[in-house]
Each structure stands twice: as C-alpha cells, then as structure tokens.
Amino acid sequence: MLFDVITIFPGMFEALRFGVVGKALERGLIELRAVDLRDFTFDKHRTTDDRPYGGGDGMVMKVEPVAAALAALAGGPSARKILLTPQGRPFDQALAAELAEQGRLILVCGRYEGVDERIRSYVDDELSLGDFVLSGGEVAAMALIEAVARLCPGVLGAAGAAGADSFSGSLLEHPHYTRPPEFEGRRVPPVLVSGDHAAVARWRREQSLRRTLERRPDLLDQAELGPADVEFLAAHGWGPPGRRRDHGD
Ligand code: 9D3
C-alpha cells in the first residue's frame, strides 16, 4: 500500500515511524510520502489560505495548490483520493478494511476554518474521525493510515491478522490480567487461574457481553450472537432490536 499525504505539516507524519506502522515502513510493506502543499504554491509567500468570500472570521484553504498537488501525484498506480474534514462521513473499521484493498490512497489534510468548497470535486471521498474538533486533518490522516496499514498483508503477525478479521462490528473485549496475582488488594479473578479452559472461555464471553451492554449497547445490533449469548443478555435486561428495554445495573 502506498499512502500519499498532502499537508502543510509534512513533519507531523514522522510520528508514524514508531511501532507497528514504523516496522511496516522499514520492511517496505507500506510506503508513505508526505507532500508539502507549499511546494505547489506559486506566489512569493507560498500562500495556502485566503480570506472567505462573503466575509467572516477565519481563513479558507485555497483550491489551486491542492489541485496542483493532486495533479502532480496523478502518475503511478490509480488511487482513491480522500479529504479529511469534519463534514465527512464517519471513518470506521469496516471502511478501514475496504481501503486496505486499495493499492494506493491519497489523503488531503484540511487546515484553517475550512477548505474551499471546490476542493471537494477533486476527491472521491470525504471522511471524518468523529464528532470532536481537531485543528486540522493531519492527526485524522495518521489515525486512518494506522488503522488501514494494520490490515495490509504481512503488517501484523498471523495471530494479529486473525484478530483483525474478527473485530468488525463485534463486542468489546473482556478484561485482561497478568502477574502479580494480587496488587494492592486487587485480585485476579480465580477462574483465570483455575486451569478450566471452558470456564475461562465462558467467563470471557460473558464479560464481553456485559461490558458491551453497559458501555456500547449500539454494538450489540451488529454482533454475531449465539443462543447462549442472547439468553445471557436477556437475563441482564437486554431486549433484541426493536423491543429494547432499560437496564439498571
Ligand atoms: C472550530 C472550528 N469549527 C467551527 C465550527 C469548524 C472546524 C474547522 C476545521 C472544525 C475543525 C476543523 C479541523 N478539523 C479537521 O480538519 C478534521 C477533523 C476534525 O476536526 N474532527 C474529526 N475528524 C476530522 S477529519 C479532519
């Protein structure tokens, strides 16, 4: 996978040289090119923003440098062009999996109060990371790159690849513990040290269901649930979609 990023802050993408993504870059499993938008300006001050037509506060990202940067990147493998913007549709794991099938992504990072509306006609998609305010598209682009890179062949080990498949629209994870068996009066649940593998599996599944019900009941609508899961959830106050009840504990 080749990621091209168009940004006024190419240095921010150095952060991707750490961890799993950094290792994937080193091994050549993915490639990242951060393109400086200012290299596609033609005035003395290398201007990438301007005042809004119609007046008002804040500045607007200019269309010509973005169009010129996209044109310069047009060679090579075909790419999906994505603008990161608060107005985009929400990015999620299912979309990460879809994007991981592409050979190349070109990401345009918005800055300032917004981007000139005409930039939209030069991209295929507009994506947001969620309903909170960032200062620009760069951190969103980095999160997208990390989520997509993890799904590219070879980036995670065999174990990780299996786990990646099973996430989408699934349940929250069960609690995890490691040594010591007791820390400042907090004990590891005895079932985890019982050696009873079936009991451990059952406990973990029920903890996942309980947590998801408490924290993210919206995820249950898309979860793959067996009869035992539905029975457990019903006993804890969950109704199947359409006849949802309130649950107290
Ligand atoms: C405070 C400014 N807002 C006025 C109502 C609008 C606004 C403009 C530009 C809010 C954020 C931004 C910059 N954000 C992004 O470019 C961005 C973003 C985000 O802020 N949240 C979640 N996902 C994304 S993707 C790009």
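In this text, all values refer to a predicted model and were calculated from it rather than measured experimentally.

Caption draft 1: Representation of the site of the ligand in the model. The local shell around the ligand holds 17 residues, among which E113, L129, G130, F132 and L134 are the closest. Taking F132, its main chain carries an N or O atom lying 2.7 Å from a nitrogen atom of the ligand. Contacts to the ligand include L134, whose backbone N or O atom sits 2.8 Å from an oxygen atom. About the coverage of the ligand: the protein hides 71% of its 570 Å² of free accessible area.

Caption draft 2: Highlighting helix 2 (residues 63–72). Those residues of helix 2 that sit buried are V63, P65, V66, A69 and L70. Each element contacted by the buried residues of helix 2 is listed here: strand 1 (2–7), strand 4 (60–61), strand 5 (80–90) and strand 6 (104–109).

Caption draft 3: Spotlight on the sheet that holds strand 4. With mixed pairing, the 3 strands of this open sheet are ordered in space as 3-4-7. Two strands lie at the open edges of the sheet, namely strand 3 (49–50) and strand 7 (114–115), each paired on one side alone. Both strand 4 and strand 7 contribute to a ladder of 2 bridges, which runs parallel. Each residue of the ladder has a partner; that of V60, found in strand 7, is G114.

Caption draft 4: Fine view of the pattern of salt bridges. Scanning all chains against the criterion turns up 17 salt bridges. Here K23 makes a salt bridge to E26, at a shortest N to O gap of 3.4 Å. Within this pair, K23 and its partner E26 are both found in helix 1 (residues 19–26), separated by 3 residues, close to a single helical turn. R186 is paired through a salt bridge with E184; the nearest N and O atoms lie 4.0 Å apart. Here R186 falls in the exposed class, since its relative accessible area comes to 58%. It is possible to trace a salt-bridge network through shared partners that takes in R80, R89, E98 and D125.

Caption draft 5: View of a nonpolar patch on the surface. Taken together, the side chains of F132, L134 and V139 make up a nonpolar region of the molecular surface, amounting to roughly 260 Å² of accessible area. With respect to the secondary-structure elements, F132 resides in the loop between strand 8 (125–128) and helix 4 (138–149).

Caption draft 6: Structural context of the state of the cysteines. Taken as a whole and judged by the stated rule, the model has 0 disulfides. Free of any disulfide, C109 has its nearest neighbouring cysteine sulfur in C152, separated by 18 Å. Under the relative-accessibility criterion, C109 is labelled buried at 1%.

Caption draft 7: Here's a closer look at the sheet that holds strand 1. Strand order in this open sheet of 5 strands is 2-1-6-5-8, and the pairing throughout is parallel. Every other strand in the sheet has two partners, leaving strand 2 (31–36) and strand 8 as the edge strands with one partner each. Strand-to-strand twist of the sheet, defined as the mean angle between neighbouring strand axes without regard to direction, takes the value 30°. Where strand 1 and strand 2 come together, 6 bridges link them in parallel fashion. Of the residues in strand 2, the one forming a bridge with T7 is D36. Together, strand 1, strand 5 and strand 6 form the strand contacts of helix 2, whose direction differs from that of strand 6 by roughly 165°. On the sheet, helix 4 packs against strand 1, strand 2, strand 5, strand 6 and strand 8 and is oriented at approximately 160° with respect to strand 6.

Caption draft 8: Highlighting the packing of helix 6 (residues 197–215) against helix 8 (residues 227–235). In the contact formed by helix 6 and helix 8, the axes pass within 10 Å of each other and the chain directions differ by 50°. It follows that helix 6 is oblique to helix 8 by the angle criterion. In the crossing of helix 6 with helix 8, the sense of the turn from one axis to the other is right-handed. The segment helix 6 lies against helix 8, with R205, E206, L209, R210 and L213 engaging D229, F232 and L233.

Caption draft 9: Structural context of the side chain of D4. Relative to the helices and strands, D4 resides in strand 1. By relative accessible area, which is 0% here, D4 ends up buried. D4 has contacts with R33, L73, R104, L105, I106 and L107, leaving out every residue within four places of it along the chain.

Caption draft 10: Main features of the pairing of strand 5. Here strand 5 runs beside strand 6; their pairing, made up of 5 bridges, is parallel. In the sheet register, R80 faces strand 6, and the bridge partner there is L105. Crossover connection from strand 5 via helix 3 (residues 93–99) to parallel strand 6: handedness right-handed. Looking at chain direction, strand 5 and strand 8 are connected through 5 bridges and run parallel. Residue pairing across strands places L83 opposite E126, the latter belonging to strand 8.

Conventions we followed
Residues numbered from 1 in each chain as written. Predicted model: local features only at pLDDT ≥ 70, side-chain atom pairs only at ≥ 80, totals over all residues. Heavy atoms only, no water. Near = heavy atom within 4 Å. Polar contact = N/O pair within 3.5 Å; in protein donor to acceptor, adjacent residues only side chain to side chain. Areas by Shrake-Rupley, 256 points an atom, 1.4 Å probe, with all protein chains shown as cover. Buried < 20%, exposed > 50% of the residue type's maximum accessible area, 1.4 Å probe, protein only. Helix = DSSP H or I, 4+ residues; strand = E, 2+ residues; numbered from the N terminus. Contact = heavy atoms within 4.5 Å. Pairing = 2+ DSSP bridges. Salt bridge = Lys/Arg side-chain N within 4 Å of Asp/Glu carboxyl O. Patch = residues over 30% accessible without salt bridge, like charges linked within 9 Å, V, L, I, M, F, W, Y side chains within 5 Å. Disulfide = S-S within 2.5 Å. Axes fitted to C-alpha atoms, helices over the stretch in contact; angles between N-to-C directions. Parallel < 35°, antiparallel > 145°, perpendicular 65-115°, else oblique. Left-handed = near helix turned anticlockwise from the far one by under 90°. Right-handed = clockwise from strand over helix to strand, strands pointing away.

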